[in-house]
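Notes for the structure review
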Amino acid sequence: MSNFFGRDGKATIMLTSGDQAPGFELRNQHGETVSFSAVDGEYAVVYFYPRADTPGCTTEAKSFRDQFAKFEDRGITVFGISDDPVADLAAFADKYDLPFELLYDPDGDVGRSYDSYGEKNMFGRTFDGMFRNTYLIAPDGTVAHAFEGVSPADHADEVLDTLTELQETA
């Protein structure tokens, strides 16, 4: 783990390469319980996003959708996590034909465990919410790479490029 200064200006801990990835069980856009342990032995992408069907989150989700076949061909599971209710996740997935799991983290507990949920300030309001972070999880369940405060456009390409680099050096 390494220290960094979060959006609230306070020093926080960000998961880094080699850290054990926290497990989770959350409901997906269909209301079904999905467990992180189901991908043991495979690479996985866990990306956190603030709000379904907003411009940045839609751009990011479409980036993963458009590259999904490449993830699937490599046996990589993609999880998108937010604190949006299941009904909002279902509408978002249907509207943009998203082929991967969108997961509901109602209290931000999973987000907190990945240092991707906390105090935010926007338009003079302070509230708790998801940060736009992504984790590439290795087959042994450790963090292979952490992307903090990502840019939504072409993010899936960035993750695929990093995965290629990791696999070439392994």
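Everything in this summary refers to the structure shown in the same document. This structure is a prediction, so every number in the text was calculated from the model and none was measured. (Residues numbered from 1 in each chain as written. Predicted model: local features only at pLDDT ≥ 70, side-chain atom pairs only at ≥ 80, totals over all residues. Heavy atoms only, no water.)

Structural notes on the side chain of Asn28
So the rule is basically this: What counts as a helix is a DSSP run of H or I of at least four residues, what counts as a strand is a run of E of at least two, and both are numbered from the N terminus. Whether a residue is buried, partly exposed or exposed follows from its accessible area with a 1.4 Å probe, protein chains only, as a fraction of its type maximum: under 20%, in between, or over 50%, in that order. Between N or O atoms, a polar contact is any pair within 3.5 Å; within protein, one atom must be a potential hydrogen donor and the other a potential acceptor, and residues adjacent in sequence are included only when both atoms are from side chains.
By the element assignment, Asn28 lies in strand β3 (residues 25–28). Owing to a relative accessible area of 1%, Asn28 belongs among the buried residues under this scheme. In terms of polar contacts, Asn28 uses its side chain to reach the backbone amide nitrogen of His30, at 2.8 Å.

Observations concerning the packing of aromatic side chains
This is how the line gets drawn: Each Phe, Tyr or Trp ring (for Trp, its six-membered ring) is paired with any other whose centre lies within 6.5 Å, and the angle between the two planes then decides the class: stacked below 30 degrees, edge-to-face above 60, tilted in between.
Per the stated rule, a full pass over the model turns up 13 aromatic pairs. Seen from their ring centres, Phe24 and Phe36 are 5.1 Å apart, and the 35° between their planes marks the pair as tilted. In this pair, Phe24 is assigned in the loop between β2 (11–14) and β3 and Phe36 in the loop between β4 (33–35) and β5 (44–48), connecting sequence segments twelve residues apart. Taken individually, Phe24 and Phe36 each receive the classification buried, so the pair is uniform in this respect.

Details of the packing of helix α1 (residues 55–66) against helix α5 (residues 155–169)
So the rule is basically this: The convention used is that axes are lines fitted to C-alpha atoms, helices contributing only their stretch in contact, and that angles between N-to-C directions extend from 0 to 180 degrees. Here the angle decides the label: under 35 degrees means roughly parallel, over 145 means roughly antiparallel, 65 to 115 means roughly perpendicular, and every other value means oblique. When checking whether two residues touch, look at their non-hydrogen atoms; a contact exists if any pair is within 4.5 Å.
As a packed pair, α1 and α5 sit with axes 7 Å apart at the nearest point and diverge in direction by 50°. Viewed along their axes, α1 and α5 adopt a mutual orientation that is oblique. Packed against α1, whose contacting residues are Glu60, Ser63 and Phe64, the element α5 presents His155, Ala156, Asp157 and Val159 at the interface.

Points about unusual backbone geometry
Excluding glycine, residues mostly carry a negative phi; peptide bonds, for their part, are mostly trans. Phi at Asp53 takes a positive value of approximately 60°, unusual for a residue other than glycine. In this fold, Asp53 is placed in the loop between β5 and α1. When its relative accessible area of 35% is taken as the criterion, Asp53 is described as partly exposed. Positive phi outside glycine occurs at Asp154, with the angle close to 60°.

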